[in-house]
Amino acid sequence: MDVFSIPLLAPAALIAAAIAAFMNPGGRPGLVPRLAEGTAIAAFGVAVVSLLVLLTQGAGTGVVAGVATRLDPVSVTMLLLVSFVGWVVLRYTATYLDGEARQGAFTGWMALTLAAVLLFVQAGSLAVFVSAFIATSVFLARLLLFYPERVQAQRAARKKFVTARLGDASLIAAAVLLYTGYGTGDIGEILAAARVGVAPDAALWAAGFLALAALLKSAQFPTHGWLTEVMETPTPVSALLHAGVINAGGFLLIRFADVMVLAPGVLAVLVMIGGFTALFGGLVMLTQPAVKTSLAWSTVAQMGFMILQCGLALFPLALLHIVAHSLYKAHAFLASGMAVEGVAATRRPGPVAVPSGGAVLRAFVAALVIYAAVGFGFGFDGKSPQAIALGAILIFGVAYLLAQGFADAAPTVLTQRTALMSVAASVAYFALQTGAEALMAGTLPATPVPGPLEWALIVLAVISFGAVAVAQAMFPLWAYHPAAAGLRVHLANGLYMNAVFDRILGGWHIRRID
Amino acid sequence: MTHITENTSLPAGTVMAAAGAAARAIPPVWPLASSVAVNPFLGQTGETLAETGARLARVAGLPVTMPREWYLSRLEAGRITDADLEAALAASCHAARPASVSDLKEAAARPRRRPHALPTVAEMASDHCGLDWPGLVADRVSQWAASFFDTGQALWKAPKRRGAYAEWRAVATHDLTPEIHGLEGFAAHVAEAPEHAEDAIARAASRLGLVDAALPTYFHQLLMTMGGWAQYARYQLWQAELGGGTDPVVTEMLAIRLLWEEALFIQYEEAILHRWERVRASHAAPLAPSEDLVVDEILQEAAERAAQREIAATLATQPPAPATERPSLQAAFCIDVRSEVFRRALESVDPGIETLGFAGFFGLATKHRGFASDVEELRLPVLLNPGVCSVAGGPEIEEADRQARFTARAKRAWGRFKFAAVSSFAFVEAMGPVYAGRLVRDALGLEEGKLPDGPAPRLDPALSLSERVGAAETVLRAMSLTEGFGRIVLLAGHGANVTNNPHASAYHCGACGGYSGEVNARLLAALLNDPEVRQGVAAKGIEIPGDTLFVAALHDTTTDTVKLYEADIDAGQHKALLGDVKGWLAKAGRVARAERALRLPRAAGEAEVAARARDWAEVRPEWALAGCRAFIAAPRTRTGGRSLEGRAFLHNYDWRADEGFGVLELIMTAPVVVASWISLQYYGSTVAPQAFGGGNKLLHNVTGGIGVVEGNGGLMRAGLPWQAVHDGEGLAHEPLRLSVCIEAPREAMSDILKRHDGVRALFDNRWLHLFALDEAGQVAWRYTGDLEWEAVEGVARPGPVLKAVG
């Protein structure tokens, strides 16, 4: 066994835990919960060792018993992330599920799902990649139906099943095309060939299917619906799903980034769908009164943004987004029981100061000034237009923070603090982005120089995100106008995509007892 | 759409009276930020358990007792004796009761028929077409109600200015979902509906062909199909009525649900009319408990009588000799059953310690504004209106208050930045990695749990001296604490120390409106330490020694630690004693934790209890009031030195000092009623968790900052989560209606019942059992209803010792 196969120990440990768990499937299954947590810690240890191997030996592919694993900055990042989140959710599960009749089985499926994700992110061959991708979704489905008698769970599972199988089929098609195009199943070799410009027709088609699989996997419009309905299972599953599984779509685009950049047309589609989903999901999220549902819509939006980044060929930033979002969302789900206190806390300090149009304008100007200042600090030169545009989009978000402090009714102290927070946030993400780009340089392809299509999309993205950001900042001034009431209803229902999907799949039909 | 139904016409007054009665048939549910236990049978206290069973079976298919096996296993184990059965049978007021104990046993051995609700129009439509209309209606109503009742989760709030019915119509006329699923013209149906809810109700009732006798249970049923949403509306009505007003919101909810029934009826009329005619006739038929229900009620009564024998036996054991010396520490705790464990532990630590029990709001029903907060917190029993107002701190903290508000507002702005549409992306990219640290912190429970602190509260507006003296005298007399003051008198409120738990307030003090009790305790301590007040009460015959110091405290029921609010007082000459007190409290905490650890899953010993408070994944941080079964109002000597297993509310009461029985009246009409709400909430959450329980904590999804739904959405769930009454292997709560034991003359109690119909109904229909203790503190008399009493036989007969969990 060579050093590049070391990461394989991570899924192996969790599979061992899963076996032990399935041997004690019932309630209070003895040492199983602690064993599962222990193997997750071991998996994290394996990820750390893999990092050391990477630092000393460089990237490479190892094969053990026909299972090829790829060790490079992308896979090591994901291994660290997934095993860490895995530890947190398995530790949580040990306490949370205590006393549940099928605690052992639950722990087993959790461990198995984690093992599949860990294998997926380190896959070195197309066969391993596709198998692990499908296995993840199959195991996860068992967790989503942990309470099989819940009709809402069945309804969501039905939608998920259709979406997932379409995703599987797309990925299989992509794998077959890649294999035909490059004559090898070794992912490292495929990427190397693509990097030097080998672009057989099959590869271009493969890029299309990869994109389709990614859109389906990462709950992009209009197939996002299932994700907003799978809170029908204990909270750790949601944490694992939103932090470890849902970003598989983005990961596969990043993994095959060298292939993806060969197909600018496909990337353009990703920009459009990802961008739309990001805005759509973000707006729907605003209307959701239940905390987990709101978090699920937030994930839809965040995945959209990540797909947008992939479409702009900003792969290191997309990877950063996956890591950052996973950590945030895992915590948000696991801590969602704090929502009662959270809502109560927002009411205590009195009414929110509503910014006027002028304040919003000042906020945007100030945000752009911060952007320019921080940008020059980190250096604009060498940045692609795509990256600069993305920075602008993010700075629109910061403007919202500023606008709250610029509201006429806001006291000076609040203005100062929001300004300070805005600068801190701007510095933080520029630093993180610079870091991500540096870490992935050489591993992920550079962002290509934009052509006319790319320029058009960049402008479109900046304008639409800007418009929503302005609308958002001026929110209280228009959102309660009767004219907006209908819009709110349609958005709160996610533009009825789930209703239509349910109708087609017969989701509300009852199984007749007679 | 065709209209082939004959329209009946009902007088508007009749319909609205039925709607109003239906609104009162469902229990209110308080928002989770400050939730209190509610008797789920609040609307049925005028009926017996069996009658209620008949009603709730018809409207919701609910059982009101445990399954037969539960009683049978107790019979087999000898915990319920034949004598219990005989007595329970004799006490039954129902004509349909079995003729003899052997008939009763025979009937009990037969499985009872599962209760079935009458179908709604939605259910009949569903049976006809195979589409889950009841589910869809619940889904649509919930989707709207969750937004309408939201108190701040969504940044884009739903409009609510015009009231429930009008706002729902505005939503329903835009919502395309019903039509996507095949309810033709629903939006138009809503658009054309009457503008006022009353008219919509009357129109629907008439189009559905309902006669007036059918309205009560049909309306009740429709409100039940809206679960916690209707109950939350009922809460708004409760609050409005308490303040002397009213609120049409429950009726409006009924109108909304009726419009759905009407629309479905119009669409499926031909297919379901025949069946509907029978159903509405069944609604019009009078309610009568079936033999099954009567047997269930008798079995339940027998189980309670068995428990009452155990309580009586405990009270019959020889009490320890009362201390004669002046106590160094008197500690007053809330009547909450958790206090019993701690009080017993504390008394065992040092002979110079005496404890008292009193409702945890300490007689000060305050509307309180906390530090740096605009929110008015009603820290008082929910049956009452606030009597005083208070705020945290005085002018000296103004600057700190302002700074704290700036911090809170900046934090809030940051929170909005996190959740808003475009900025959430910037937030994640900038701050996401920080959450790695937070995950580690929370996974390992590294964050310290803080008990409430902050500046001492003060009454605002301040009371005049005579008002303060009056308040102090009332409270002291109500506590039966008018002489024998210790050197330190601890006033301990209680609160729970839990994290990431939507039901946190359910672990707090019910008498303080679901908040922790430190504010009320601190207010009272300040009042009683005031030299002017002491002079005033001395003039009224209550002599508080100059060296008595009142100290406010908070009993953390999750960790059994007690925090003293030392900053409020000038310890002076009490410094040394205060040090002793802290030592005693720490020792008592260890004893109490060791006892509680026996009941808690995954707690091998005393040392493992405290960590539960900080574990974000813990669904059973403590058992709260699970197991409660008795309420005892008597001097502490009647219960001291004996274990009541953390299952009894203990209220200090000395009737000899209660001239005119004013205090007795207060006890029977306030703490007893609150205790009945708690006991019956546990009862309902155990016997009918599907409707009166809060559901599975593993699936909870906090909605609107006020409640929880299970999973994706749907009906809000009121009541206790299953994990709060079940330990994963068995019930942690025995569903027994509370036995109230009061040491007072029977005539005085009868007299009070005569004057309070609502309280009397609780006892007459046996939602509570009432006993009079005799001169020796023994259970001597049982209240049998209609102001009658009977002697209790065999007082000293020892029963089997009962473990805390059944």
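Residues numbered from 1 in each chain as written. Chains lettered and ligands numbered in written order. Predicted model: local features only at pLDDT ≥ 70, side-chain atom pairs only at ≥ 80, totals over all residues.

## Points about the overall build of chain A
In step 1: A tally of helices and strands in chain A yields 22 helices and two strands.
In step 2: Relative to the globule expectation of 24 Å for 514 residues, the C-alpha radius of gyration of chain A, 23 Å, shows essentially globular dimensions.
In step 3: Residues classed as buried in chain A amount to 61% of the 514 residues present.
In step 4: Expressed as a percentage of contacts within chain A between residues at least 6 apart in sequence, the contacts between residues at least 24 apart total 82%. (Helix = DSSP H or I, 4+ residues; strand = E, 2+ residues; numbered from the N terminus. Rg over C-alpha atoms; globule rule 2.2 N^0.38 Å. Buried ≥ 20, exposed ≤ 12 C-beta atoms within 10 Å, placed from the backbone. Contact = placed C-beta atoms within 7 Å.)

## Re the pairing of strand S9 (residues 561-564) of chain B
Residues and elements named next belong to chain B.
In step 1: Strand direction decides the pairing type here: strand S8 (residues 549-556) and S9, joined by four bridges, are antiparallel. Along S9, the bridge assignment pairs Leu554 with Lys563.
In step 2: Two successive antiparallel strands, S8 and S9, enclose a turn made up of four residues, where Asp560 displays a positive phi of approximately 55°. (Pairing = 2+ DSSP bridges.)

## Quick notes on the confidence of the model for chain B
Residues and elements named next belong to chain B.
In step 1: Per-residue confidence for chain B gives a mean pLDDT of 93; residues scoring 70 or more make up 97%.
In step 2: Per-element averaging of pLDDT across chain B places helix H17 (residues 398-419) at the bottom with 90 and strand S16 (residues 739-742) at the top with 98.
In step 3: Long-range and interchain partners of residues 1-6, a stretch whose pLDDT sits below 50, account for eight contacts in this model, where long-range means more than four residues apart.
In step 4: Model confidence for the complex is summarised by a pTM of 0.95, with the ipTM given as 0.95. (pLDDT = per-residue confidence, 0-100.)

## Comments concerning unusual backbone geometry
In step 1: Cis rather than trans, the peptide bond between A:Phe221 and A:Pro222 has omega equal to 0°.
In step 2: Geometrically, the link from B:Asp460 to B:Pro461 is a cis peptide bond, its omega value of 5° lying close to zero.
In step 3: By the secondary structure assignment, B:Pro461 is in the loop between strand S6 (457-459) and helix H20 (465-478).
In step 4: If you check the backbone angles, A:Arg28 has positive phi at about 45° while not being a glycine.
In step 5: By the element assignment, A:Arg28 lies in the loop between helix H1 (9-23) and helix H2 (32-57).
In step 6: Even without being glycine, B:Arg602 reaches a positive phi, approximately 55°.
In step 7: Looking at the secondary structure, you find B:Arg602 in the loop between helix H23 (575-597) and strand S10 (630-633).

## Things to note about the interface of chain A and chain B
In step 1: In this assembly, 96 residues from chain A lie in contact with 86 residues from chain B.
In step 2: Sorting elements by how many residues they give to the side of chain A that touches chain B places helix H14 (residues 315-334) of chain A first, with 10 residues.
In step 3: By residue class, the composition of the side of chain A that touches chain B is 54 nonpolar, 28 polar and 14 charged. (Nonpolar A, V, L, I, M, F, W, Y, C, P; charged D, E, K, R; others polar.)

## Focus: helix H7 (residues 187-195) of chain A
All names here are of chain A.
In step 1: Three or more residues of H7 are buried, namely Ile187, Ile190, Leu191 and Ala194. Seen from one end, H7 has its buried residues packed into an arc of 95°, which puts them on one side.
In step 2: Those residues of H7 hidden inside the fold are in contact with strand S2 (67-71), helix H5 (126-144), helix H6 (151-182), helix H8 (201-217) and helix H11 (257-260).
In step 3: The positive-phi residue at the C-terminal boundary of H7 is Gly197, with phi of around 100°. (Arc of directions from axis to C-beta.)

## Examining the sheet that holds S16(B)
By definition, the strands of a sheet pair up through backbone hydrogen bonds, in either a parallel or an antiparallel sense.
Residue and element names in this part refer to chain B.
In step 1: With respect to topology, six strands assemble into an open sheet ordered S11-S10-S16-S17-S18-S19, the strand pairing being mixed. Bordering the open sheet on either side are strand S11 (648-651) and strand S19 (788-791), each of which pairs with just one other strand. Strand-to-strand twist in this sheet, taken as the mean axis angle between neighbours without regard to direction, amounts to 25°.
In step 2: Pairing between S10 and S11: four bridges, direction parallel. Across the sheet, Ala633 pairs through a bridge with His651, a residue of S11.
In step 3: Seen against the sheet, helix H15 (residues 291-316) touches S10, S16, strand S17 (769-773) and strand S18 (779-785) and runs at an angle of roughly 30° to S16. (Axes fitted to C-alpha atoms, helices over the stretch in contact; angles between N-to-C directions.)

## Here's the deal with helix H7 (residues 133-148) of chain B
In step 1: Along its 16 residues, H7(B) runs 22 Å from first to last C-alpha, staying within 8% of the 22 Å computed at 1.5 Å per residue.
In step 2: Summarising burial for H7(B): 15 of the 16 residues are buried, a large majority. (Expected span 1.5 Å × (residues − 1).)

## Let's talk about the packing of H5(A) against H6(A)
Residue and element names in this part refer to chain A.
In step 1: Running from N to C, H5 and H6 cross one another at 180°; their axes reach a closest spacing of 10 Å. In terms of orientation, H5 and H6 fall into the roughly antiparallel class. Listed contacts from H6 to Leu126, Phe129, Val130, Phe133, Ile134, Ser137, Ala141 and Leu144 of H5 are Ala153, Ala156, Ala157, Lys160, Phe161, Ala164, Asp168, Leu171, Ile172, Ala175, Leu178 and Tyr179.
In step 2: Residue composition of the contact of H5 with H6, grouped by class: 17 nonpolar, one polar and two charged. (Parallel < 35°, antiparallel > 145°, perpendicular 65-115°, else oblique.)

## Regarding the sheet that holds S9(B)
Residues and elements named next belong to chain B.
In step 1: The five strands are arranged S2-S1-S7-S8-S9 in an open sheet whose pairing can be described as mixed. Looking along the sheet, the strands with just one partner apiece sit at the ends: strand S2 (353-358) and S9. The sheet shows a mean angle of 30° between the axes of neighbouring strands, direction not considered.
In step 2: In terms of strand pairing, strand S1 (residues 329-334) meets S2 through six bridges, oriented parallel. Along S2, the bridge assignment pairs Gln330 with Glu354.
In step 3: Against the sheet, helix H16 (residues 337-349) touches S1, S2, strand S7 (488-495) and S8, its axis set at about 165° to S2.
In step 4: Where helix H21 (residues 518-529) meets the sheet, its contacts fall on S7 and S8, and the angle it forms with S8 comes to roughly 170°.

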